[in-house]
Amino acid sequence: MDEENAVELLQRFRRDRRILLDFVLAGSLIKKVIMPPGAVTLDDVDLDQVSVDYVLNCAKKGGMLELSEAIRDYHDHTGLPQMNNSGSAGEYFLVTNPESYGSPPKRAAPPVPDYTPPPVLAPPPVITPSIPDLDLSPVASNISQSESFNSTQVRELTVDDIEDFEDDDLDETDSLRISRRIRNDAADLALGLPSFKTGIIEDDLRETAYEILLACAGAAGGLIVPSKEKKKDKRSKLMRKLGRSRSENVVSQSQRAPGMVGLLEAMRVQMEISEAMDIRTRQGLLNALAGKVGKRMDALLVPLELLCCISRSEFSDKKAYIRWQKRQLNILEEGLLNHTAVGFGESGRKASELRILLAKIEESESLPPSTGELQRTECLRSLREITAPLAERPARGDLTGEVCHWADGYHLNVRLYEKLLVSVFDMLDEGKLTEEVEEILELLKSTWRVLGITETIHYTCYAWVLFRQHVVTNQQGILQHAIEQLKKIPLKEQRGPQERLHLKSLHSRVEGKQGYQDLSFLQSFLSPIQKWADKQLGDYHLNFAEVPVMMENIVTVAMITRRLLLEEPEAATMQSTSATDRDQIESYISSSIKNAFTRILQSLEKSDTKHEHHLALLAEETKKLLKKDTTLFMPILSQRHPQATAVSSSLLHRLYGNKLKPFLGVAEHLTEDVVSVFPAADDLEQYMMELILSSCGEETAEIYSRKIVPYQIESISGTLVMRWVNSQLARILGWVERAIQQERWDPISPQQRHGSSIVEVFRIVEETVDQFFELKVPMRSSELSSLFRGVDNAFQVYANHVIDKLATKEDLIPPVPILTRYKKEAGIKAFVKKELFDPRLPDERRSTEINVRTTPTLCVQLNTLYYAINELNKLEDGIWERWTRKKPRQKLIKKSLDEKSKSFMQKDTFDGSRKDINAAIDRICEFTGTKIIFWDLREPFINNLYKSSVSLSRFEAVIEPLDTELCQLCDIIVEPLRDRIVTSLLQATLDGLLRVLLDGGPSRVFSLGDGKLLEEDVEVLKEFFISGGDGLPRGVVENQVSRVRLVVKLHSYEWPRTAGW
């Protein structure tokens, strides 16, 4: 196959070279072109022997071009290697393959002799002797042995020899000159057929196919010989074609001759056959049929008849004639010997004789003219005698003479039929079918008899030709036509019994990577299509990234060819086919995903990943790949595999998981890499789970979810976050201790009347919370719960530190004096003794601690605690708001959250600290009121109020110092706590009043008339705290004072009544 591709490529280069020269010489790039002697126009010059370098140099210099010098320059440099001329390095290309010669010689090379350019080859004089025995036209047979087709000896070219070139020389090689512009490589679509032993090239097959078409058209009576007179045009044919507009093309098509004549002319143009060759072939076929009454033209042995009926004189160039004759001999050998439809049987001897005759006919060209022509004539006569019975052997039940079996030996016939089918493409636009496509296909049916084509073979060959053209041109319209033809190929049960037997007999033995393989007809044509489609779909991310629409058609092609090939008996051994279409789709997804993932890995290895961990980048790129896969390709593949998206997602989950697993095993702390990788990996996994759930039902999604091994990012990340939280909470407690120790309980400013320690504590807590939420790693609610508990504990510690060493109420209230009911002196003595030895009396250290807690200090502490509880509420709301935004999406593979997590979601996270802070506020308020009355105002209130008698020491004497203390409280305390602290002061005042009334001691004497005075004092006290509506609410004061009124009323009763009470 490689040799055939190389030969085809060489032919293509040769034709491109001629087109380039024709374009340069016919244009305005060169001022003047001087023809060689004997030539009138460029059509008289063999452009194959013109040096391209010489012509281009003349074009660059802008001078005249002498074609004779260009021809001589070509032959002067034929034996030299090709040079780049790019510098002094002396780069060149070897003509031969150096590897085939083994290792280089070890001895020194001999000196290089002076090089003498070889002379220019020239054609010999033409001698045309007659051949009466075969009634043949004169042919050129005067080539000496030294001038054979394969000879290396040369003869100098003279001016007279150049005159032998005729005007239609360019037409003779026109089929070798025109090249189709192939944009894409279709080498992977090479047919599974053996190569030709004779070295037949694509041009040989194309020309022979046209000859067969003419013979079949002649059998229908549509063959005439057109006139040889043609209009000469100095412009090159390339320029004429390039200058033709589409409108001109439509006109020319509409103006072509009607019927078979016009269609054959269109076929000639489509198949790139020169007019000269067309005329020779038509005339030769008509001459061959002359005298053969009742013989159909399509039953002729076309190559043999053309050899006998076309003479050397009809060729302007002997090289063209030798090439043409060589082609006919090779076709005869391939059709009758190498690739036959019917076995030789007892004709084996004739086959060997046939090979000898073919060799002698080719050898005749190297003999002297007279001897060579005689040998050729003799051989042709013998060849006719041997080939007739070989070609007319019956096959498929036909009668002898009905069909000439010389080109229906499967390998040769399908290659010839392929060349006929290629003519359906527009020469000016290879991506479109010509307008006469239906007429052409109908005409090609006439060749089925000669080539042994059946309906199945036609659809299969046509589908392959169309698909190959699609690969070459990348046109969607051609691909649609190919799919239509593939759908027309009947399945095994749809074929007739005779066709099934015929197709079963068509086999070829081809050398592959694993040795020789036996291929059926369908495998030879459809396996390349299937392999190409499988290869493209095996990396659809790369091949269909820009044109995903084409992918649907390629999937259709792959499925149709797969279905047809599965019916072949050798399918099980020739290729590993999946059981179902869904399995095949899964193999496409698996292969393409792996290839795309590998490209991502390679791209990341080459890129700079210093700023971000490569696993994080890999997760991002994998997610992009999955999004692209889901958006572009999965809608197509899901038509044949409903769970294609789940297959793609689960595979990518496993591929990325394999790369992630080693990293998870060594992650122990929240490093930068962990913070970078974990969020990206978790986000990717969540996206994959969502895709699986959305593309499948719940039951199917659950099946795929069980197959997937979770990354467990949340669990591993939660452990690391918990470690970090614990370390941060320990740091917060340290800051709380330090802040309390440094606190002096001075207000920060008149507007901010709280201590600085609480600000510092909240700063460190908020920093920790910010850092917590800046951790982009996945978290569970347990990590947040741990943070809440830690912060809650910190504020509890703070509140406890504030009230630490705060004296109790008993420490502030003096001991109750003993009763003085019987003896005044004893009572006084007992009272003094109790005061001296009562353990509840505060010692010097306790007194210092009490005195340190001044009213301003206590107010600042209350303000601080109030500030703490307010900011704590804001902190809690902020944390919940941020958690709601950050909260990881619930894993789709889980049915529900844990019950603990549900209960935790309630907003009761700081209840412990709130409770402790409120308790601390209540205690400080109670302490403040008690301290003011029983400690700061002990002398005027507890000791002197109503001393001796009520009338001598009324309550008005206490109002002024009490008002002073109350003003001091209100100046410092924050407004929301004002009523709370004043209420505590009211309660303490009432407690002090009750102490005076009930436990006043021996220094106070109450009489029956004091009741009215005491009631007046209670009213004064009440109005003092109500303060005309600016103080406490009247209802609150009334409720508090009510308990004192009961005691005051006792003083209004007489003693017997009191005793009875």
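The coordinates are above.
Owing to the predicted nature of the structure, the values given are computational and were not obtained by experimental measurement. (Residues numbered from 1 in each chain as written. Predicted model: local features only at pLDDT ≥ 70, side-chain atom pairs only at ≥ 80, totals over all residues. Heavy atoms only, no water.)

Draft legend 1. Representation of the overall build of the protein chain in the model. The number of helices and strands found in the protein chain is 45 helices and six strands. The 1061 residues of the protein chain split such that 48% are buried. Counted over contacts in the protein chain with a minimum sequence separation of 6, partners at least 24 positions apart contribute 79%. For the protein chain, the accessible surface area stands at approximately 52,600 Å², while carbon and sulfur atoms represent 52% of it. (Helix = DSSP H or I, 4+ residues; strand = E, 2+ residues; numbered from the N terminus. Buried < 20%, exposed > 50% of the residue type's maximum accessible area, 1.4 Å probe, protein only. Contact = heavy atoms within 4.5 Å. Areas by Shrake-Rupley, 256 points an atom, 1.4 Å probe, with all protein chains shown as cover.)

Draft legend 2. Here's a closer look at the pattern of salt bridges. Inspection of every chain in the model, using the stated rule, returns 43 salt bridges. For the salt bridge of Asp 922 with Arg 980, the shortest nitrogen-to-oxygen distance reads 2.3 Å. Taken together, the positions of Asp 922 in helix α39 (residues 911–936) and Arg 980 in helix α42 (residues 975–998) put the pair 58 residues apart, joining distant regions of the chain. A cluster of three or more residues bridged by salt bridges with shared partners is formed by Arg 15, Asp 203, Arg 206 and Glu 272. (Salt bridge = Lys/Arg side-chain N within 4 Å of Asp/Glu carboxyl O.)

Draft legend 3. Inspection of the pairing of strand β6 (residues 515–520) at higher detail. Across six bridges, the pairing between strand β5 (residues 507–512) and β6 is antiparallel. Among the inter-strand pairings, His 507 is bridged to a residue of β6, identified as Ser 520. Where β5 folds back onto β6 in an antiparallel hairpin, the turn is made up of two residues. (Pairing = 2+ DSSP bridges.)

Draft legend 4. Quick peek at helix α28 (residues 644–666). Here α28 contains 23 residues, and its C-alpha end-to-end distance of 34 Å stays within 8% of the 33 Å for a straight helix at 1.5 Å per residue. By the largest-angle criterion, Leu 660 marks the main kink of α28, which is about 40 degrees, and a proline, Pro 662, follows within four residues. (Expected span 1.5 Å × (residues − 1). Bend = angle between axes of the 7 residues up to and from the residue.)

Draft legend 5. Quick peek at the packing of helix α27 (residues 614–637) against helix α29 (residues 672–695). Contact geometry of α27 with α29 gives a least axis separation of 8 Å together with a crossing angle of 20 degrees. The pairing of α27 with α29 is recorded here as roughly parallel in orientation. The two elements α27 and α29 meet at a crossing, and its hand is left-handed. In contact with Leu 615, Ala 616, Ala 619, Thr 622, Lys 623, Leu 626, Lys 627 and Thr 630 of α27, α29 contributes Ser 676, Val 677, Ala 680, Ala 681, Asp 683, Leu 684, Tyr 687, Met 688 and Leu 691. Residue classes in the contact of α27 with α29 are distributed as eleven nonpolar, three polar and three charged. (Axes fitted to C-alpha atoms, helices over the stretch in contact; angles between N-to-C directions. Parallel < 35°, antiparallel > 145°, perpendicular 65-115°, else oblique. Left-handed = near helix turned anticlockwise from the far one by under 90°. Nonpolar A, V, L, I, M, F, W, Y, C, P; charged D, E, K, R; others polar.)

Draft legend 6. Molecular detail of the state of the cysteines. If you walk through the whole model with that rule in mind, you get zero disulfides. For Cys 859, which is in no disulfide, the shortest distance to another cysteine sulfur is to Cys 970 and amounts to 8.6 Å. Cys 970 supplies the cysteine sulfur nearest to Cys 967, a cysteine that is in no disulfide, at a spacing of 6.7 Å. (Disulfide = S-S within 2.5 Å.)

Draft legend 7. Up close: helix α22 (residues 521–537). Given a rise of 1.5 Å per residue, 17 residues ought to cover 24 Å, and the 24 Å separating the end C-alpha atoms of α22 matches this to within 8%. Taking the largest bend as the criterion, α22 deviates by roughly 35 degrees, centred on Ser 527, and proline Pro 528 comes between one and four positions later. Counting buried residues in α22 gives 14 out of 17 residues, a clear majority hidden from the surface.

Draft legend 8. Molecular detail of the packing of aromatic side chains. Following the criterion strictly, the structure yields 17 aromatic pairs and no others. A network of ring pairs unites the aromatic residues Tyr 410, Trp 464, Phe 521 and Phe 525 as a single cluster. The side chain of Arg 280 reaches across the aromatic face of Phe 315, ending 3.9 Å from its centre. Cation over ring: Lys 627 sits above Tyr 687, and NZ or CZ is 5.8 Å from the ring centre. (Phe/Tyr/Trp six-rings, centres within 6.5 Å; stacked < 30°, edge-to-face > 60°. Lys NZ or Arg CZ within 6 Å of the ring centre and 35° of its normal.)

Draft legend 9. Region of the structure containing the packing of α29 against helix α31 (residues 713–742). Where α29 contacts α31, the axes come no closer than 10 Å and their chain directions differ by 150 degrees. Here α29 is positioned roughly antiparallel relative to α31, judged by the angle of their axes. For the pair α29 and α31, the crossing hand works out as left-handed. When α29 is examined against α31, the residues Val 674, Phe 678, Ala 681 and Asp 682 are found in contact with a partner set consisting of Ile 713, Ile 716, Ser 717 and Leu 720. Of the residues belonging to the contact of α29 with α31, the class tally is six nonpolar, one polar and one charged.

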